[in-house]
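These are the residues of each chain, in order.
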Amino acid sequence: MSDFGKYSTKDVIQFQTDIIKFKMYFEDYIVKLAEMSKSPCIILCDRGVVDCAAYMSKESYQAVLDE
(Lines give C-alpha, C1' and ligand atoms only; values in the text may rest on other atoms or scores of the structure.)
Protein backbone atom coordinates (compact mmCIF):
# COMPACT_ATOMS: atom_id res chain seq x y z
CA MET A 1 0.00 0.00 0.00
CA SER A 2 1.26 3.45 -0.85
CA ASP A 3 1.92 6.06 1.84
CA PHE A 4 -0.60 8.74 0.86
CA GLY A 5 0.44 10.81 3.90
CA LYS A 6 3.30 12.36 1.96
CA TYR A 7 0.98 13.73 -0.76
CA SER A 8 -1.30 16.73 -0.58
CA THR A 9 -5.05 16.26 -0.21
CA LYS A 10 -5.46 17.65 -3.72
CA ASP A 11 -3.02 15.06 -5.13
CA VAL A 12 -4.78 12.18 -3.34
CA ILE A 13 -8.18 13.36 -4.59
CA GLN A 14 -6.87 13.59 -8.17
CA PHE A 15 -5.26 10.15 -7.99
CA GLN A 16 -8.36 8.50 -6.55
CA THR A 17 -10.56 10.28 -9.10
CA ASP A 18 -8.42 8.83 -11.88
CA ILE A 19 -8.60 5.36 -10.32
CA ILE A 20 -12.39 5.60 -10.10
CA LYS A 21 -12.67 6.71 -13.74
CA PHE A 22 -10.51 3.76 -14.78
CA LYS A 23 -12.57 1.29 -12.72
CA MET A 24 -15.80 2.60 -14.24
CA TYR A 25 -14.36 2.38 -17.76
CA PHE A 26 -13.12 -1.16 -17.13
CA GLU A 27 -16.48 -2.29 -15.71
CA ASP A 28 -18.31 -0.81 -18.72
CA TYR A 29 -15.86 -2.62 -21.04
CA ILE A 30 -16.49 -5.96 -19.31
CA VAL A 31 -20.26 -5.45 -19.65
CA LYS A 32 -19.83 -4.78 -23.39
CA LEU A 33 -17.81 -7.98 -23.77
CA ALA A 34 -20.53 -9.91 -21.97
CA GLU A 35 -23.19 -8.40 -24.23
CA MET A 36 -21.19 -9.52 -27.28
CA SER A 37 -20.93 -13.07 -25.98
CA LYS A 38 -23.09 -15.77 -27.48
CA SER A 39 -23.31 -17.45 -24.06
CA PRO A 40 -24.92 -16.42 -20.78
CA CYS A 41 -22.51 -14.47 -18.57
CA ILE A 42 -22.17 -13.60 -14.93
CA ILE A 43 -20.12 -10.54 -14.04
CA LEU A 44 -18.69 -10.33 -10.53
CA CYS A 45 -17.27 -7.05 -9.28
CA ASP A 46 -15.16 -6.98 -6.15
CA ARG A 47 -15.59 -3.66 -4.31
CA GLY A 48 -15.17 -1.36 -7.30
CA VAL A 49 -15.45 2.39 -6.82
CA VAL A 50 -16.18 2.21 -3.08
CA ASP A 51 -12.75 0.62 -2.52
CA CYS A 52 -11.12 4.04 -2.92
CA ALA A 53 -12.85 5.26 0.25
CA ALA A 54 -10.50 3.10 2.33
CA TYR A 55 -7.51 5.20 1.28
CA MET A 56 -8.79 8.68 2.05
CA SER A 57 -10.77 10.72 4.55
CA LYS A 58 -14.56 10.90 4.34
CA GLU A 59 -14.29 14.53 3.27
CA SER A 60 -11.81 13.74 0.49
CA TYR A 61 -13.91 10.80 -0.72
CA GLN A 62 -16.98 13.05 -0.82
CA ALA A 63 -14.97 15.58 -2.87
CA VAL A 64 -14.15 12.80 -5.34
CA LEU A 65 -17.83 11.80 -5.58
CA ASP A 66 -18.89 15.43 -6.02
CA GLU A 67 -16.52 15.81 -8.96
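Computed from a predicted model, the values in this text were never measured in an experiment.

**Student:** Would you explain the layout of surface pockets in this entry?
**Tutor:** Leftover empty space is mapped by rolling, across the atoms, a probe with the size of a water molecule. One number sums up the size of the largest pocket: a volume of about 170 Å³. Forming the boundary of the largest pocket are Lys-23, Phe-26, Glu-27, Ile-30, Ile-43, Leu-44, Cys-45, Asp-46, Arg-47, Gly-48 and Asp-51. For the lining of the largest pocket, the per-class residue count stands at five nonpolar, one polar and five charged.

**Student:** Any chance you could explain a nonpolar patch on the surface here in plain terms?
**Tutor:** A contiguous nonpolar patch, built from Phe-22, Tyr-25, Phe-26, Tyr-29, Leu-33 and Met-36 and spanning about 700 Å² of accessible area, is present on the exposed surface. Structurally, Tyr-29 is set in helix H1 (residues 9-36).

**Student:** Where do I start with the environment of Thr-17 in this structure?
**Tutor:** Along the chain, Thr-17 turns up in helix H1. Distance in space between the C-alpha atoms of Thr-17 and Ala-34 is 26 Å, their sequence separation being 17 residues. When residues no more than four places from it in sequence are discounted, the contact partners of Thr-17 are Val-64 and Glu-67. Reaching out from Thr-17, the side chain makes a polar contact with the backbone oxygen of Ile-13 at a distance of 2.7 Å.

How each quantity is defined
- Residues numbered from 1 in each chain as written.
- Predicted model: local features only at pLDDT ≥ 70, side-chain atom pairs only at ≥ 80, totals over all residues.
- Heavy atoms only, no water.
- 1 Å grid on protein atoms, 1.4 Å probe; cavity = no way out; pocket = protein on both sides within 12 Å on 5 of 7 lines; lining within 4 Å.
- Points joined across faces, edges and corners; volume = space filled by probe spheres on them.
- Nonpolar A, V, L, I, M, F, W, Y, C, P; charged D, E, K, R; others polar.
- Patch = residues over 30% accessible without salt bridge, like charges linked within 9 Å, V, L, I, M, F, W, Y side chains within 5 Å.
- Areas by Shrake-Rupley, 256 points an atom, 1.4 Å probe, with all protein chains shown as cover.
- Salt bridge = Lys/Arg side-chain N within 4 Å of Asp/Glu carboxyl O.
- Helix = DSSP H or I, 4+ residues; strand = E, 2+ residues; numbered from the N terminus.
- Contact = heavy atoms within 4.5 Å.
- Polar contact = N/O pair within 3.5 Å; in protein donor to acceptor, adjacent residues only side chain to side chain.

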